[in-house]
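Understanding the architecture of this molecule
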Amino acid sequence: DKVVQANERMSQLIRDLLELSRVGRIDMDKRPIDLNALLAHFLESQNDRLKAEQFLLLIDPGLPSVYANESRMLQVFENILSNALKYAHNEEGGMLHISAVEEEDRVYIYCKDNGPGIPPDYHQKIFGLFYRLDPTTEGSGVGLSVVKKIMKFHGGDIRVEPHSGREGDGTTFRLTFPCREL
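Everything in this summary refers to the structure shown in the same document. No experiment lies behind these values; they were computed from the predicted model shown.

When you go through the protein residue by residue, the secondary structure sums to four helices and seven strands. When the elements of the protein are put in sequence order from the N terminus, they spell out α-β-α-β-β-α-β-β-α-β-β. In the protein, buried positions account for 40% of the 182 residues. Taking the contacts inside the protein whose residues are at least 6 apart along the sequence as the reference set, 73% of them involve residues at least 24 apart. Working note: accessible area of the protein is about 10400 Å², and carbon and sulfur atoms make up 50% of it.

Below, the structure is given as structure tokens:
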């Protein structure tokens, strides 16, 4: 059983590393993406998983469009949701809230969960390859590295927003996209 489990973990790690190496090399086409439509389809595709976990995914209406690669954007939201499913649970249940702010030269997408939060000392470390904040949870430690690389490919960035530092205040990831002619 241990050999089978180790083999499965190694296979997943290899798949994750291959995916990281592909970002920016394939699926290069970018176009205007309506985040409302993209996230509505994403929510629909994740519905069974969310019900099984008793997890709530809230998406604000009226999100802006971004100039991006659709499959890579789905991958970004999949990785953020996967992390929230692992870590964002408290007595009210798990929740991820996606909202946006559009400014003159940037679009900010906020993904806020209701988990324990990430201490400020780890805000940069979590985007490192193979880094896992909690080594007892499943995963390869590649997911947020992939997200960081995808956002860089789009001329944007991802960061963890500062919070009050109180346990249970959750984590907010801020995705930054440059505004482009859509």
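Within the largest apolar cluster, 35 residues are counted, with the highest numbers of intra-cluster contacts made by Phe77, Leu96, Ile109, Cys111 and Leu175. Ranked by the residues each element gives to this core, the list is headed by helix α3 (residues 70-87), at seven residues. Once residues lying within four places of it in the same chain are set aside, the contact partners of Leu96 are Phe55, Leu56, Leu57, Leu58, Ile80, Leu81, Ala84, Cys111, Lys112 and Asp113.

Right, let's talk about the side chain of Gln75 for a bit. Summarising the element assignment, Gln75 is placed in helix α3. By relative accessible area, which is 17% here, Gln75 ends up buried. In terms of polar contacts, Gln75 uses its side chain to reach the side chain of Arg72, at 2.6 Å.

On to the sheet that holds strand β2 (residues 55-59), then. One open sheet accounts for five strands, arranged β2-β4-β5-β7-β6; its pairing is mixed. Whereas interior strands pair on both sides, the edge strands pair on one side only; in this sheet they are β2 and β6 (157-160). Sheet twist, expressed as the average angle between the axes of neighbouring strands with direction ignored, equals 15 degrees. The sheet contacts of helix α2 (residues 35-53) involve β2, β4 (94-102) and β5 (106-113), and relative to β2 the element is tilted by about 170 degrees. Sheet strands touched by helix α4 (residues 143-153): β6 and β7 (172-178). Its angle to β6, the strand with the most contacts, is close to 135 degrees.

Thresholds applied
- Residues numbered from 1 in each chain as written.
- Predicted model: local features only at pLDDT ≥ 70, side-chain atom pairs only at ≥ 80, totals over all residues.
- Heavy atoms only, no water.
- Helix = DSSP H or I, 4+ residues; strand = E, 2+ residues; numbered from the N terminus.
- Buried < 20%, exposed > 50% of the residue type's maximum accessible area, 1.4 Å probe, protein only.
- Contact = heavy atoms within 4.5 Å.
- Areas by Shrake-Rupley, 256 points an atom, 1.4 Å probe, with all protein chains shown as cover.
- Core = buried A, V, L, I, M, F, W, Y, C linked by side-chain atoms within 4.5 Å.
- Polar contact = N/O pair within 3.5 Å; in protein donor to acceptor, adjacent residues only side chain to side chain.
- Pairing = 2+ DSSP bridges.
- Axes fitted to C-alpha atoms, helices over the stretch in contact; angles between N-to-C directions.

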